[in-house]
Amino acid sequence: MALRKIIHVDMDAFYASVEQRDDPQLRGKPVVVAWRGNRSVVCAASYEARRFGVRSAMPAVRAERLCPDAIFIPPDFVRYRAVSREVRDIFKRHTDLIEPLSLDEAYLDVTENKSGLPTATRVARAIRAQIREELNLTASAGVAPNKFLAKVASDWRKPDGLFVIQPEEIEAFLLPLTVGRLPGVGKVTEARLAELSVRTVGDLRTLALEVLETRFGRYGQRLYELARGVDASPVVPDRPTQSISAEDTFERDVPLSEMESLIRRLAEKTWIAARKQPRVARTVVLKLKTSEFKTLTRSHTPASPPASCDELIAIALSLRERVHLKAQQRFRLVGVGLSNFRDPTGPPNRPQPALFD
């Protein structure tokens, strides 16, 4: 099989960089994109704020303690989506095989490119230059023969960097890496691998496929392949929507009995977003997070998809009856989602799990 040429482009501190670009007074200062409040989390942090240890998904109150001089900016996702579309337009000059992962990163397959450049490295340089010149933003990029390696490479010289892994360099690059660099290896899997004296990819290479499959099930096969730099997954443009949801965190923990108005409002937001999709959602999901940070979901797939916002609201509210916890239990977050999207004329299917994960 012919080698592919894959680029992973990752915008640098995207939301914070857009804020600094659009307000010159913020440049060079620690900017944290987040709502203030005890329940807020950091959406993005400028590199000036990151020097103090501020990171995305961190509680905003902790970010404020780490960086007392940080400037907090409430997120403006309408503006960020507009800039993301401008970035995507630059990608489209070079290839139609674009797989967005979020507003600020995407895979590009440039095995054949529209710009006529001879190498993927040249394409990546051109994309980064165009983003800088036209949008006054910076992006980091990784170039490699597959998606897994390209994503690792894009993080190698952040911010504003480019790193290339040539086919003949894969083994030398991979073997010293810690296994935590592999996709899907979180703290739990890393700890389980450590029990097998596996801490680097080189260590992982010493384990037979049978051992990995016995220990990790189907993911054992994936680990075996990643340790050898193998990733056959294609760049998939226009991936169909799998789920749509809206959620909110309370200022104070509340019981389930006090959530009706918020569930209604979140269901309305979810319904409006779902109406923009050409496909139909069959499954309604209610998500809750307890005051102890335990997340639980309840879902229902009716015989026919919800046909109106009122029907969605009714199902979402009814799912509260399947939350069998004590009446005094308090919750810090609630969400309403739609999943299991299918073509309108398609046959009914079983619900898809893992919404909100």
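Reading the values: the criteria
Residues numbered from 1 in each chain as written. Predicted model: local features only at pLDDT ≥ 70, side-chain atom pairs only at ≥ 80, totals over all residues. Heavy atoms only, no water. 1 Å grid on protein atoms, 1.4 Å probe; cavity = no way out; pocket = protein on both sides within 12 Å on 5 of 7 lines; lining within 4 Å. Points joined across faces, edges and corners; volume = space filled by probe spheres on them. Helix = DSSP H or I, 4+ residues; strand = E, 2+ residues; numbered from the N terminus. Nonpolar A, V, L, I, M, F, W, Y, C, P; charged D, E, K, R; others polar. Pairing = 2+ DSSP bridges. Axes fitted to C-alpha atoms, helices over the stretch in contact; angles between N-to-C directions. Contact = heavy atoms within 4.5 Å. Buried < 20%, exposed > 50% of the residue type's maximum accessible area, 1.4 Å probe, protein only. Polar contact = N/O pair within 3.5 Å; in protein donor to acceptor, adjacent residues only side chain to side chain.

**Regarding the layout of surface pockets**
Then step 1. A volume near 2,100 Å³ is recorded for the largest pocket.
Then step 2. For the lining of the largest pocket, the elements supplying multiple residues, two or more each, are α4 (77–92), β5 (98–102), β9 (243–254), α12 (260–274) and β12 (331–342).
Then step 3. Across the lining of the largest pocket, the residue classes break down as 19 nonpolar, 12 polar and 16 charged.

**Considering the sheet that holds strand β8 (residues 162–164)**
Then step 1. A sheet is described by the order of its strands in space; here 5 strands give the open sequence β5-β6-β1-β7-β8, paired in mixed fashion. Where the open sheet ends on each side, the last strands, each with one partner, are β5 and β8. Adjacent strand axes in the sheet meet at a mean angle of 15°, parallel and antiparallel pairs treated alike.
Then step 2. In this structure, strand β1 (residues 6–11) lies alongside strand β6 (residues 105–109), joined through 5 bridges in antiparallel fashion. Along β6, the bridge assignment pairs His 8 with Tyr 107.
Then step 3. Contacts from helix α5 (residues 120–135) reach β1, β6, β7 (139–144) and β8, with the element oriented near 170° to β7.
Then step 4. Contacts from helix α6 (residues 147–154) reach β1, β5, β6, β7 and β8, with the element oriented near 145° to β7.

**Some points on α6**
Then step 1. Burial analysis of α6 places 7 of its 8 residues in the buried class, which makes it a mostly covered element.
Then step 2. Listed in full, the buried residues belonging to α6 are Lys 147, Phe 148, Leu 149, Ala 150, Val 152, Ala 153 and Ser 154.
Then step 3. Put simply, Asn 146 is the residue that caps the front of α6, since its side-chain oxygen is 3.3 Å from the backbone nitrogen of Phe 148.

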